Amino acid sequence: MNRTFILLMICVGMLIVPTRMKAEGRDVKVLQLNLWHGLSQVPGGYEGFIEMLDTIDADVIFLCEIKGGQNFIRQVIGEMESRHKHYYGETFDLPVGVLTKFKPDSITKCCTVPSNEERTMVKLLVTIAGHQVAFYSCHLDHRHYECYLPRGYSGTTWKKIDCPVTDEQEVLRANRLAYRDESVKAFLKEARKDCEAGRSVVIGGDFNEPSHLDWQADTRELWDHHGAIVRWDCSSMLHRAGFKDAYRERYPDPVRCPGFTFPAGNRKAEEAHPGNLAWAPEADERDRIDFIYYNASSPQSLSLKDCSLVGPSETVLRGKIVQTLTDDAFFTPQGVWPSDHKGNLVVFTVRKD
């Protein structure tokens, strides 16, 4: 075997090995968004939503506040098919649903509490790069939105109260009248089966509750927290169970990168329905209540690559749309923004262990 041939084989090998290594992993884009009453609140909202999906080209999409159930999903799938993008999707005619480019291993309903279809999650199992991943789409109970209590508003009537409530236990007692913590408990019970089966788990949706990571000592005097430090139940339970908050993993400083997802500074919505974006118009109600969490069966099987907010960089402060002056990462689609929430866009790398 001559020297030239040996050198040629070495060079070819050097090209082949990285290609094979790259093929063993797969980047997966995951998008999460609240559709705000089924895209009915913003003129041109449906068209803006479709343009956004086309632009982002996500692999898995968590949706909530769906109206029209499976008919809506079929319509969206048809729109994307006309743009040469094939999706599978399911809602079971619930207000939550999922779209995926991956052929599902299964799609099921789960985590219903307490026997209320509105509080059901949709679970998708898919195999990516030889590794099975469980994706859960959720929308937790919107009632008893008690992050308003420290801001001087009721979380049930959305009216001003005599003074802010900043005692953590009092806030949490009121907060637990909702079924959010029960939903997370049901999810963790179901997710434990996935973990035992060697699957990675991703959950995304509108949690209607902030994160304990955003209500600590460094933020107690910001955003009308009025000194409150609150270990919110849902995020704390997920954290203890080993789930990671994708946005906070990528941007750990809540002061520099608060990541507010609600309310979004949607100027088209404000033009159509003045004042409809603010529920506590005399307070700073900005918060991060939309999330994507993940738990890998091993650090090699699913890892976080990147994360950003999706939607307008503007937000709502004391009833007025203002520019967000933070270090948050935004992807702002060019078309009409369809929601009063911002979404989350996370890129994971998935590979077989």
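Computed from a prediction, not measured in an experiment: that's the story for all the values here. (Residues numbered from 1 in each chain as written. Predicted model: local features only at pLDDT ≥ 70, side-chain atom pairs only at ≥ 80, totals over all residues. Heavy atoms only, no water.)

What follows covers the environment of Cys 234. Structurally, Cys 234 is set in helix α7 (residues 233–240). On the basis of relative accessibility, which here comes to 2%, the residue Cys 234 falls in the buried class. Note: C-alpha distance between Cys 234 and Asp 181 (53 residues apart in sequence) is 5.6 Å. (Helix = DSSP H or I, 4+ residues; strand = E, 2+ residues; numbered from the N terminus. Buried < 20%, exposed > 50% of the residue type's maximum accessible area, 1.4 Å probe, protein only.)

Let us now look at the packing of aromatic side chains. Under the counting rule described, the total for this entry stands at 14 aromatic pairs. Between Phe 207 and Phe 291, the aromatic rings sit 5.4 Å apart at their centres with planes inclined by 85 degrees, giving edge-to-face as the arrangement. Taken together, the positions of Phe 207 in the loop between β8 (200–206) and α7 and Phe 291 in strand β10 (residues 290–295) put the pair 84 residues apart, joining distant regions of the chain. For the pair Phe 207 and Phe 291, one class covers both residues: buried. (Phe/Tyr/Trp six-rings, centres within 6.5 Å; stacked < 30°, edge-to-face > 60°.)

Any two packed helices are characterised by how steeply their axes cross, that is the angle between the axes, and by the distance between the axes. For the pair helix α6 (residues 180–196) and α7, the least separation of the axes is 9 Å and the interaxial angle reads 20 degrees. Here α6 is positioned roughly parallel relative to α7, judged by the angle of their axes. At the point where α6 passes α7, the crossing takes the right-handed sense. Here α6 contributes Arg 180, Asp 181, Val 184, Lys 185, Phe 187 and Leu 188 to the contact with α7, which in turn contributes Asp 233, Cys 234, Met 237 and Leu 238. The residue inventory of the contact of α6 with α7, partitioned by class, reads 6 nonpolar, no polar and 4 charged. (Axes fitted to C-alpha atoms, helices over the stretch in contact; angles between N-to-C directions. Parallel < 35°, antiparallel > 145°, perpendicular 65-115°, else oblique. Left-handed = near helix turned anticlockwise from the far one by under 90°. Contact = heavy atoms within 4.5 Å. Nonpolar A, V, L, I, M, F, W, Y, C, P; charged D, E, K, R; others polar.)

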